[in-house]
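Close look at the chain arrangement
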Amino acid sequence: MAQSGKTNTGVDIAALDFDYKLACNTVTAFVRACNVGCTIIDAEGTLVFDGKSADARCDFCKRLQNITGNTISCSKAHLYGSMQAEHFGGKYIYFCPSGMAHFACPIMVRGVMRGAIIGGPLLIVDKEEYILDDIIKKHNIPDEYYKEFESFFLDTVVVPPDMVSHYANLLMAVASFIGQIETTQLLDNEKNNEQQSRINDYIQMLKASSGVHGMKTSYPFEKEKELMHYIAEGDKQKSQELLNEILGHVFFSSGGKFDLVKARVMELIVMLSRAAVEGGADVEQIFGLNYRYLNEIDKFKTVEDISYWLSKIMVRFTDFVFNFSEVKHMDVIYKAVDYIKHHYNEKISLEEVANYVFLSPSYFSKIFKNEMNCNFSTYLNDYRIERSKKLLLNDSINLVDISDMVGFEDQSYFSKVFKKVTGVTPGKYRKARGQLK
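Nothing here was measured: the structure is a model prediction, and the numbers come from that model. (Residues numbered from 1 in each chain as written. Predicted model: local features only at pLDDT ≥ 70, side-chain atom pairs only at ≥ 80, totals over all residues. Heavy atoms only, no water.)

1. Structural notes on the pairing of strand 3 (residues 92-95)
Heads up, the rule is: A strand pair is defined by DSSP finding two or more bridges across the two strands. A run of DSSP states H or I qualifies as a helix once it reaches four residues; a run of E qualifies as a strand once it reaches two. Both are numbered from the N-terminal end.
By the bridge criterion, four bridges tie strand 3 to strand 4 (residues 101-109) in an arrangement that is antiparallel. Along strand 4, the bridge assignment pairs I93 with F103.

Here's what the structure looks like:
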């Protein structure tokens with residue numbers, strides 16, 4: 001029996017394809033056991049449950065949005081994280097637009113993501129290493145707001161990266177449990193039966209048409225074009241109607257040959273993926289899923305199961321017709337900055353960091369400059385100089401050692417960069433105890 005009522009965020013529970021009550025109970029248990037914030041979203045990124053913890057703080061984004069007037073794409077960031085988690089095998093650690101770390105685990109049912117559990121926000125760096133200055137600079141926030149923004153994250157949980165991975169593993173097990181329960185299968189059956197009824201209606205219409213005119217009905221190529229159009233537009237309802245008609249024709253013309261049905265369905269999967277890409281979906285994600293789906297098709301033995309499976313694939317591809325470039329870029333930048341702050345004392349390069357975030361050096365360089373308003377080498381040197389300032393206040397450390405400790409190859413280059421950034425030499429900065437006018 002399907003669940004009814006509203007979620008604690010006002011979403012219709014009947015529209016969900018997983019056990020909402022069980023999901024809420026398990027997420028609440030996770031929150032209380034780990035003291036980490038946790039929410040549940042549906043397959044479209046809509047919040048359906050907020051299992052708050054004492055340390056879950058998202059006021060930062062709200063205040064930032066009020067001051068700047070810019071929309072902060074938190075929901076889009078979490079949907080992006082969920083899709084990445086599906087792509088990368090069940091979990092994904094990412095950064096939201098305010099630089100807080102989150103982790104996503106998809107709720108998978110019969111190979112299709114029906115929702116996701118989102119853990120966070122967390123800090124995975126020391127609070128003094130948090131990139132608050134970078135965020136304020138990026139959004140041109142006046143200095144008088146600094147203390148206010150600083151207070152938003154002072155109570156946020158700081159968790160080592162390896163612990164975040166452990167949390168994600170636990171949440172992945174929870175999501176897997178939610179996605180394999182009996183009530184979900186009942187909901188699947190209900191939706192499957194509804195779809196089969198509509199497909200059968202279309203088959204009966206084809207039979208009647210064939211009987212009246214005494215000739216075979218031609219394949220509806222124009223329907224494929226319409227379907228691709230509506231997928232690219234992100235219109236799920238129209239896409240489903242057209243897919244039902246196309247499947248009806250496939251089943252009617254196959255003459256009961258299941259291998260022929262599978263061959264046509266494989267062609268349709270390729271078409272659906274192409275439509276999603278044309279609509280703006282991420283190419284790597286779409287074709288990664290495409291490959292996986294094509295390898296799953298042999299496990300289906302009935303036209304009912306394969307048609308319902310294809311329907312969910314279509315919905316999944318349609319979900320990808322979003323522009324995730326903004327949140328994807330910010331996730332990449334925060335990961336790159338985090339890498340710099342953990343390896344600034346080593347000999348690191350743009351190519352090394354680009355490889356760490358899975359981007360080509362040229363593309364990474366471009367988006368880093370766009371997002372941070374400076375190039376990679378400038379940011380790295382500026383950060384190294386900031387670290388050196390603290391060391392210069394300790395008279396027991398000589399300049400050669402400080403240069404090496406913050407990642408410069410030699411003291412002369414360190415002194416040159418230091419003066420360029422601060423206007424004085426390291427020696428004068430040390431003599432003035434950092435009190436420069």
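From this point, the discussion proceeds with the structure in view.
2. Overview of the pairing of strand 4
We apply this condition: Residue burial is assigned from relative accessible area. The probe radius is 1.4 Å, only protein chains are included, and a residue is buried under 20% of its type maximum, exposed over 50%, and partly exposed in between.
Burial analysis of strand 4 places eight of its nine residues in the buried class, the great majority of the element. In this structure, strand 4 lies alongside strand 5 (residues 112-122), joined through eight bridges in antiparallel fashion. Its bridge partner being in strand 5, I107 is matched across the sheet by G115.

3. Some remarks on the sheet that holds strand 1 (residues 38-42)
Put simply, the test is: Under this scheme, a helix contributes an axis fitted over its contacting stretch, all axes are lines through C-alpha atoms, and angles between N-to-C directions fall in the 0 to 180 degree range. Contacts between residues were defined by any pair of non-hydrogen atoms, one from each residue, lying within 4.5 Å.
An order of 2-1-5-4-3 is seen for the five strands of this open sheet, with the pairing classed as antiparallel. Pairing within the sheet leaves two strands with one partner each, and these edge strands are strand 2 (47-51) and strand 3. Averaged over all pairs of adjacent strands, the angle between strand axes in this sheet comes to 25 degrees, irrespective of strand direction. Across the sheet, helix 6 (residues 161-178) is in contact with strand 1, strand 3, strand 4 and strand 5; its angle to strand 4 comes to roughly 20 degrees.

4. Focus: the packing of helix 9 (residues 236-253) against helix 10 (residues 258-278)
The cut-off we apply is this: Oblique is the label for any angle not under 35 degrees, not over 145, and not in the 65 to 115 range, which are roughly parallel, roughly antiparallel and roughly perpendicular in turn. Take the far helix as the reference: if the near one is turned anticlockwise from it by less than a right angle, the crossing is left-handed, and if turned clockwise, right-handed. Nonpolar residues are Ala, Val, Leu, Ile, Met, Phe, Trp, Tyr, Cys and Pro. Charged residues are Asp, Glu, Lys and Arg, and all others, Gly as well, are polar.
The N-to-C vectors of helix 9 and helix 10 enclose an angle of 155 degrees; their axes lie 9 Å apart at closest approach. With respect to each other, helix 9 and helix 10 are oriented roughly antiparallel. Judged by the sense of rotation from one axis to the other, the crossing of helix 9 with helix 10 is right-handed. The residues of helix 10 that touch helix 9, namely those facing I246, L247, V250, F251 and S253, are L260, V261, R264 and L268. Considered class by class, the residues forming the contact of helix 9 with helix 10 number seven nonpolar, one polar and one charged.

5. Description of helix 18 (residues 411-422)
Applied cut-off: The length a helix should cover is 1.5 Å for every residue beyond the first. Of all possible arcs, the one meant is that of the directions from the helix axis to the C-beta atoms.
Between its terminal C-alpha atoms helix 18 stretches 16 Å, which fits the 16 Å expected from twelve residues at 1.5 Å a residue. Taken together, the buried positions of helix 18 are occupied by F414, V417 and F418. One side of helix 18 carries all its buried residues, which in axial view fall inside an arc of 105 degrees. Exposed side of helix 18, more than 90 degrees from the buried face: S412, K416 and K420 are the residues found there. Where helix 18 is buried, its residues contact helix 16 (376-392), helix 17 (399-405) and helix 19 (426-431). G423 lies just past helix 18 and shows a positive phi near 95 degrees.

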